[in-house]
Amino acid sequence: MAEKEKKKSSYISGRESRRITRYNRRVTKKLEKARADAGKDPSLYTTRMHDENNVVEFDNVCTYFFSDVGVVKAVDGVNFDIPKCSTVGVVGESGCGKSVTSLSLMQLLQRPSGQTVGGEIRFNMGGGNAYNIVNTPNSVMETLRGNKISMIFQEPMTSLNPVFRIGQQVDEVTKLHNPEMSDEDVKARTLEMLDLVGIANKEGVYEMYPHELSGGMRQRICIAIALACSPTLIIADEPTTALDVTIQAQILDLLQNLKDKLNSSIMLITHDLGVVAGMADYVVVMYAGRIVEKGTADDIFHHPAHPYTIGLMRSKPVVGRRVEELYNIPGSVPNPVEMPNYCYFRDRCEMHCAECDGRYPPEIRISDTHVVSCYRFLGQGEELGYPKSVNVEEL
Amino acid sequence: MEEIRVPAAQNSEYLVEVENLVKWFPIKSSFFKRTIGNVKAVDGVSFKIRRGETMGLVGESGCGKSTCGRTILRLMEKTSGEVRLNGQDIFALSREELRRVRPKMQIVFQDPYSSLSPRLPIGEIIGEAVREHGIVPPEEFDDYITRVMDVCGLPEYYKDRYPHEFSGGQRQRICIARALALSPDFIVCDEPVSALDVSIQAQIINLLKQLQKDFGLTYLFISHDLSVVEHISDTVGVMYLGSMVEYSTTEKIFANPLNPYTKALFSAIPIPDPDAQIHRIILKGSIPSPANPPRGCKFHTRCDHCMEICKYAPPEWREVEEEHYCACHLYNDAEANERAAKLMAEIKAGETEPVKEEEVL
């Protein structure tokens, strides 16, 4: 019985497949056109910040992928702010949408199949003015990327170009965003950056190719490139996952110091709770495209509220805390194409109650800084409303 | 077959004994293919693993821990040294004898995405070696595979599916089932959980522990994740640049790491508590090239406690406390100090190549 059901769920008939393709083509075309139209009129992509002290505000952001097997709601109604000069950690397992959130902010989604279909991403331009990244045209984005927002990727091995010298690659960013600078000034700036990220032999490294450097050194170069224009926001997408523990400690230490030096904010995307605890001021926990819990690091680590957060913490072995058996969260993440209409975590949850069979739980504010989406806290705090999803049939 | 399966030293306390294992990879010149140097991936490593225990092997990438694991299974030929499984020298076996010993030693690889053949259904992946080695009679084959899959938490109807239909955690279960199907004594787990998510990691670790309890397996658990190693291992060996720098029981090594490298490594472990007071020892620079390791103590270029002697004489592998071995000049006794000083004087006088010191376990 189970076998038949399983087979059914992954099977798509030729007809169905053609229908999906037609639908995807129609919708993505329409969305692309709407975006192009919005990009022509500055009033449509500039807006006001809700709070001056935030660098970025994610407001009900929905990013969907129109794939061949159906619509994948990778990010579905995500709400959070990144305050100035702080580090926000985004935690979750692979496929939970944490990287897609950051890509939406950079507008680096694989278009046309990947589209931000709803919500606003407000990026602070100072004086209360903001860009709504969702509608911002490419020409404006090019002045933001690498200049105001920059990104450090997971794989330092693949994110540097193997055929250009290190110096050229760092120069490129500075030159692009500061065309008035002379070549000597650009080089001086690059050397200064290399010095800043702790490269001792900066003159030598300037002339080297990426393959001559170790993983940790390459990641330093990536950081130097990201910081070359003193951005207001640095997105670090699993910056240390590919590195060794000792090098990880070096890189995290470096990031923390540089953040304070440059007055930037960091959006730190990781699956390692240990890294987040050491770095972040605020923590956002994501599960299956939605935020299940957010709060200060203290809230999340000392008073975790959502069963998923609790499970995640218990399933990680910690040095100095010996347990006979690790807790494991039963089951697996629901199929992203057919998300259930009740709480996504209900089927894996050991604390679920009668209300959980109803619709997806609302966000509940259980303390000034701590927000959780779980029915167990219903009535224990102010309800902030249900996550807003976009109805794909209406697109 | 019997005389191979039940060797003389069957009742010894240790299942796996590694003595002075050396594995060098020659660097060939481009034209004449002359050997112009060696990458000393594993350079004199010795340890023993008791039956039914797990030894954790930790270190940074490139320190030779995977090479060590593979050489122990004779997936690569050694350069020198000795590996004994059940008291039998693995490298002394002929091709045919080795084939018969193979089921007793298995490996689980790091990346479950590339270690399964995409063209074979799961039942065949698990069963291929079982049939080859004749573990069970042909008529019991199907039942046997079902049983093995069940033990590893894989339902029977997965048998006819292909690897691409599974998630990382399930694939790793398949890899474990494949190793387990041959009823091995010894499994090398080469970073089995580092490609997996935290919650899936916990499932796989629990599975490995359960199997160890049920079948009395012995593991060599290679990992760079120290918290996982602490959880699963009975003893831990720390490697740096091809050499073992410290070896002890898990309790001792985590409570009281001796070698400065081990100290730095352990202090770098991120702790999921924002208030945790960590005194991080941030190591400078990165790991030197194993083709041209520094003279003397290999760690002296990055060490906080580097002394004059460290630059010349390689430290001896000594039992500093009971069952706690360490190679560091800081823990030398008078005799060892004398020997090291003599060696240093010799090297300084002649500026000859440093003499490779015999490591004694």
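These figures come from a predicted structure and were not determined experimentally. (Residues numbered from 1 in each chain as written. Chains lettered and ligands numbered in written order. Predicted model: local features only at pLDDT ≥ 70, side-chain atom pairs only at ≥ 80, totals over all residues.)

**Q** Any details on the overall build of chain B? Residues and values, ideally.
**A** When helices and strands are tallied, chain B shows 11 helices and 12 strands. For 361 residues, the compact-globule estimate of 2.2 N^0.38 gives 21 Å, and the C-alpha radius of gyration of chain B, at 22 Å, lies within 12% of that figure. Viewed in the frame of its principal axes, chain B has a C-alpha envelope of about 70 × 55 × 50 Å. For chain B, the residues scored as buried account for 44% of the 361 residues in total. (Helix = DSSP H or I, 4+ residues; strand = E, 2+ residues; numbered from the N terminus. Rg over C-alpha atoms; globule rule 2.2 N^0.38 Å. Buried ≥ 20, exposed ≤ 12 C-beta atoms within 10 Å, placed from the backbone.)

**Q** Any chance you could break down the overall build of chain A for me, citing the residues and the numbers?
**A** Scanning chain A for helices and strands turns up 13 helices and 14 strands. The C-alpha atoms of chain A give 22 Å as radius of gyration, which agrees with the globular expectation for 395 residues (21 Å, within 12%). Judged by the C-alpha coordinates and their principal axes, chain A covers about 70 × 55 × 45 Å. Split into buried and exposed, the 395 residues of chain A put 47% on the buried side. Taking the intrachain contacts of chain A between residues at least 6 apart in sequence as the baseline, contacts between residues at least 24 apart amount to 65%. (Contact = placed C-beta atoms within 7 Å.)

**Q** Give a description of the packing of helix α4 (residues 122-133) of chain B against helix α5 (residues 141-151) of chain B that names residues and reports values.
**A** Helix-helix packing is described using two parameters, namely the angle between the two axes and the distance between the axes. Residue and element names in this part refer to chain B. It is at 10 Å that the axes of α4 and α5 come closest, and there the two elements cross at 120 degrees. As far as their axial angle goes, α5 and α4 are oblique. Considering how the two elements wind past one another, α4 and α5 form a crossing that is right-handed. Along its contact with α4, which presents G123, I126, G127, V130 and R131, the element α5 presents F141, Y144, I145, V148 and M149. For the contact of α4 with α5, the residue count by class is seven nonpolar, two polar and one charged. (Axes fitted to C-alpha atoms, helices over the stretch in contact; angles between N-to-C directions. Parallel < 35°, antiparallel > 145°, perpendicular 65-115°, else oblique. Left-handed = near helix turned anticlockwise from the far one by under 90°. Nonpolar A, V, L, I, M, F, W, Y, C, P; charged D, E, K, R; others polar.)

**Q** Which residues make up helix α10 (residues 245-262) of chain A, and what values go with them?
**A** Residue and element names in this part refer to chain A. Between its terminal C-alpha atoms α10 stretches 26 Å, which fits the 26 Å expected from 18 residues at 1.5 Å a residue. Taken together, the buried positions of α10 are V245, T246, I247, Q248, A249, Q250, I251, L252, L255 and L258. One or two positions beyond α10, positive phi appears at N263, with a value near 55 degrees. (Expected span 1.5 Å × (residues − 1).)

**Q** Account for the confidence of the model for chain B, naming residues and giving values.
**A** In low-pLDDT regions, the fine details of the predicted coordinates are not to be read closely. All names here are of chain B. The pLDDT averaged across chain B works out to 86; a share of 94% of its residues lies at or above 70. Predicted confidence is poor over residues 1-9, with pLDDT under 50, and the contacts of this stretch with residues over four places away or in other chains come to 10 contacts. Ignoring residues within four places in sequence, the model shows residues 357-361, a span with pLDDT below 50, making nine contacts including any to other chains. (pLDDT = per-residue confidence, 0-100.)

**Q** Any details on α4(B)? Residues and values, ideally.
**A** Residues and elements named next belong to chain B. The complete set of buried residues in α4 reads I122, I125, I126 and G127. Looking at the buried side of α4, the elements it contacts are α5 and α6 (168-180). Among the residues trailing α4, G134 stands out with phi positive, at a value near 60 degrees.

**Q** Tell me about the pairing of strand β9 (residues 265-270) of chain A, residues and numbers included.
**A** All names here are of chain A. Within β9, six of the six residues are buried, which leaves it mostly tucked inside the rest of the structure. Side chains S265, M267 and I269 project from β9 onto one buried face, and the interleaved I266, L268 and T270 project onto a second face that is buried too. Sheet analysis places strand β4 (residues 87-91) next to β9, joined by five bridges and oriented parallel. From the neighbouring strand, V90 faces β9, where its bridge partner is I269. In the sheet, strand β8 (residues 233-237) pairs with β9 via five bridges, with the strands oriented parallel. Its bridge partner being in β9, A236 is matched across the sheet by L268. (Pairing = 2+ DSSP bridges.)

**Q** Now, about the packing of α6(B) against helix α7 (residues 198-215) of chain B: what can you tell me, with residues and values included?
**A** Residues and elements named next belong to chain B. In the contact formed by α6 and α7, the axes pass within 9 Å of each other and the chain directions differ by 15 degrees. Looking at the two axes, α6 sits roughly parallel to α7. Considering how the two elements wind past one another, α6 and α7 form a crossing that is right-handed. Side by side, α6 and α7 meet where G168, G169, Q172, R173, I176 and L180 of the first sit next to I200, Q203, I204, L207 and L211 of the second. Tallied by class, residues from the contact of α6 with α7 come to six nonpolar, four polar and one charged.

**Q** Report on the interface of chain B and chain A, specifying residues and quantitative values.
**A** Contacts between the two partners involve 31 residues from chain B, matched on the other side by 39 residues from chain A. Secondary-structure elements contributing two or more residues to the side of chain B that touches chain A are α7, α8 (226-232) and α10 (260-267) of chain B. If one sorts the elements of the side of chain B that touches chain A by residue count, α7(B) sits on top with six residues. Across the side of chain B that touches chain A, the residue classes tally to 17 nonpolar, nine polar and five charged.

**Q** Can you explain unusual backbone geometry? Please cite residues and give values.
**A** With an omega dihedral of 5 degrees, the bond running from R111(A) to P112(A) counts as a cis peptide bond. Mapping P112(A) onto the fold places it in the loop between α4 (98-106) and β5 (114-126). Even without being a glycine, Q107(A) presents a positive backbone phi close to 55 degrees. Relative to the helices and strands, Q107(A) resides in the loop between α4 and β5. Phi is positive for R74(B), close to 60 degrees, though the residue is something other than glycine. Mapped onto the fold, R74(B) is located in the loop between α2 (65-72) and β4 (80-85). With 17 C-beta atoms counted inside 10 Å, the residue R74(B) sits in the partly exposed group.

**Q** Before we move on, can you summarise the sheet that holds strand β12 (residues 363-365) of chain A with the specific residues and values?
**A** All names here are of chain A. Sheet architecture is open: nine strands sit in the order β7-β8-β9-β4-β10-β11-β13-β12-β14, paired in mixed fashion. Where the open sheet ends on each side, the last strands, each with one partner, are β7 (149-152) and β14 (382-385). As paired strands, strand β11 (residues 290-296) and strand β13 (residues 371-372) are joined by two bridges and run antiparallel to one another. The partner of K294 across the bridge, within β13, is V371. Contacts from α4 reach β4, β7, β8, β9 and β10 (282-287), with the element oriented near 145 degrees to β8.

**Q** Describe the environment of C96(A), with residues and values.
**A** All names here are of chain A. In this structure, C96 sits in the loop between β4 and α4. C-alpha separation for the pair C96 and T232, spaced 136 residues apart in sequence, amounts to 26 Å. If sequence neighbours within four positions are ignored, C96 has contacts with M286, Y287, A288 and G289.

**Q** Now, about the sheet that holds strand β6 (residues 129-132) of chain A: what can you tell me, with residues and values included?
**A** All names here are of chain A. What the five strands build is an open sheet, ordered β1-β6-β5-β2-β3; its pairing is antiparallel. Of all the strands in the sheet, the pair left with one neighbour each is β1 (46-48) and β3 (70-83). Across this sheet, the average inter-strand angle for adjacent strands is 25 degrees, counted without regard to direction. Taken together, the four bridges between β5 and β6 define a ladder with antiparallel strand orientation. Bridged to R122 within β6 is N132.

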